[in-house]
Amino acid sequence: MLQTTPVSAPATELPPAPQPTLAGLTRAALANALGQIGVPEKQRRMRVGQLSSWMYVRGVRSFDDMTDVSKDLRSRLAERFSLERPEIVSEQVSIDGTRKWLLRLPIRGHDRRAPEIETVYIPESDRGTLCISSQVGCTLSCSFCHTGTQRLVRNLEPHEIVGQILMARDRIGDWPGATPPEDSRLLPEGDRKITNIVLMGMGEPLYNFENVRDAMEVAADGDGLSMSKRRITLSTSGVVPEIGRWGAEAGTMLAISLHAVRDELRDELVPINRKYPIKELLDACRNYPGLTNARRITFEYVMLEGINDSLADARELVRLLAGIPAKINLIPFNPWPGSSYTCSSWDQIERFADVVNRAGYASPVRTPRGRDILAACGQLKSESEKLRASERGAALTDGGS
């Protein structure tokens, strides 16, 4: 049964500015924060190690729990900083165990209201994948994607990206000695409940390059969250100039939202193609640093009935990817309110996959997860626009009364 759990009431007025959080900061940013409260430079490396261990290995949420840090320093930290994660507005649990959180972020800069994002956790028996967002909204307007119908509000800061990981680990009990949640169906059987991270949530991560890079530095820190870079995948719609740079500076796995084999169709489905067409995109993939058969690029291909699912499309896909160590994820289209597309039939998806398989490519068909809570691929969209619309409607009603 679908469960929706409100965790906090919607904000009705602007709250006071919260203390800045240390949870989610890189080691360099933590050292800078310690400098702000007078910790001598020669002590900062040791103190950063202590803070990182408490925040990212043990998941503590209070400075008082940092028992190997002096009381004086704990007091100074608490006066200036917090260990807060993004605020959970609601949590939905799908019939298949997928969890979706609507998160509210602190107001900053030019925000008119508290921005919101969505994060999704997909459990399987042997792994757990966390799908995190990199922007509030999106600027790309991919025609089959629900997130693309929401305007871009702003980029997420590194701590807001890492904060999604910390929040998810809190909620599913993924810290040493933590109590599992009441509803723990389908959680992985191993000690780690989050084994993989995918940057496939709201936003185009390569349009927020530095912040996403710094966040993944925290995620991959061997003395902290300790996620293997081979278990972190960045998905891009094709920001060609940044692909090679990402491989060189971050070195994670790469996924490409391809979805079409002809420029004229991809121009419609993935409008960034008008700037960086298929040939340029695939050239960047061939030159991706560290690309080997063991570190293949994943090409994502959403199956749209009568649009991109012919066997001729399958054969052209194979031709285009020749020479690129690749895996091809075939994604049954996940419908959302107002979409004009329909999903290819299962028989046609299997015929398409057979062409790709015979060419020697692994082409798993991604099992739709969390459809009942709009948590599946391409369905993420925060409540921000709906709330703004309802507020505008209320204002008009009040004005006319």
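To be clear, the structure that these remarks concern was listed above.
Predicted model, so just to flag it, every value in this text is computed and none were measured.

Considering the side chain of Glu91
And step 1. Among the secondary structure elements, Glu91 is positioned in strand β2 (residues 87–93).
And step 2. Under the relative-accessibility criterion, Glu91 is labelled buried at 7%.
And step 3. Separated by 2.5 Å, the side chains of Glu91 and Trp101 make a polar contact.
And step 4. At 3.0 Å, the side chain of Glu91 and the side chain of Arg171 are in polar contact.

Section: the pairing of strand β8 (residues 196–199)
And step 1. Of the two faces of β8, the one carrying Asn196 and Val198 and the one carrying Ile197 and Leu199 are both buried.
And step 2. Of the pairings in the sheet, the one linking strand β5 (residues 128–131) to β8 comprises three bridges and is parallel in character. Note on β8: the bridge partner recorded for Thr129 is Asn196.
And step 3. Where β8 and strand β9 (residues 232–236) come together, three bridges link them in parallel fashion. Paired with Leu199 across the strands is Leu234, a residue of β9.
And step 4. Read from β8 through helix α5 (residues 209–220) to β9, the crossover connection turns out right-handed.

As for unusual backbone geometry
And step 1. The backbone phi angle of Ser226 is positive, close to 55°, even though this residue is not glycine.
And step 2. One can find Ser226 in the loop between α5 and β9.
And step 3. Its identity as a non-glycine residue notwithstanding, His259 has a phi of 70°, on the positive side.
And step 4. Positionally, His259 belongs in the loop between β10 (253–257) and α7 (263–269).
And step 5. Since its relative accessible area comes to 4%, His259 is described here as buried.

Overview of the pattern of salt bridges
For side chains bearing opposite charge, pairing can occur when the charged atoms are close.
And step 1. A complete count under the given rule lists 22 salt bridges for this structure.
And step 2. One salt bridge in this structure joins Arg286 and Asp283, with 3.9 Å as the shortest N-O distance. In this pair, Arg286 and Asp283 are both assigned in helix α8 (residues 278–286), three residues apart and thus about one turn of the helix distant.
And step 3. A residue is classified by how much of its surface remains accessible, and Arg286, at 37% relative accessible area, is partly exposed.

Rules used in this analysis
Residues numbered from 1 in each chain as written. Predicted model: local features only at pLDDT ≥ 70, side-chain atom pairs only at ≥ 80, totals over all residues. Heavy atoms only, no water. Helix = DSSP H or I, 4+ residues; strand = E, 2+ residues; numbered from the N terminus. Buried < 20%, exposed > 50% of the residue type's maximum accessible area, 1.4 Å probe, protein only. Polar contact = N/O pair within 3.5 Å; in protein donor to acceptor, adjacent residues only side chain to side chain. Pairing = 2+ DSSP bridges. Right-handed = clockwise from strand over helix to strand, strands pointing away. Salt bridge = Lys/Arg side-chain N within 4 Å of Asp/Glu carboxyl O.

Remember, this is a structural readout, not a statement about activity or role.
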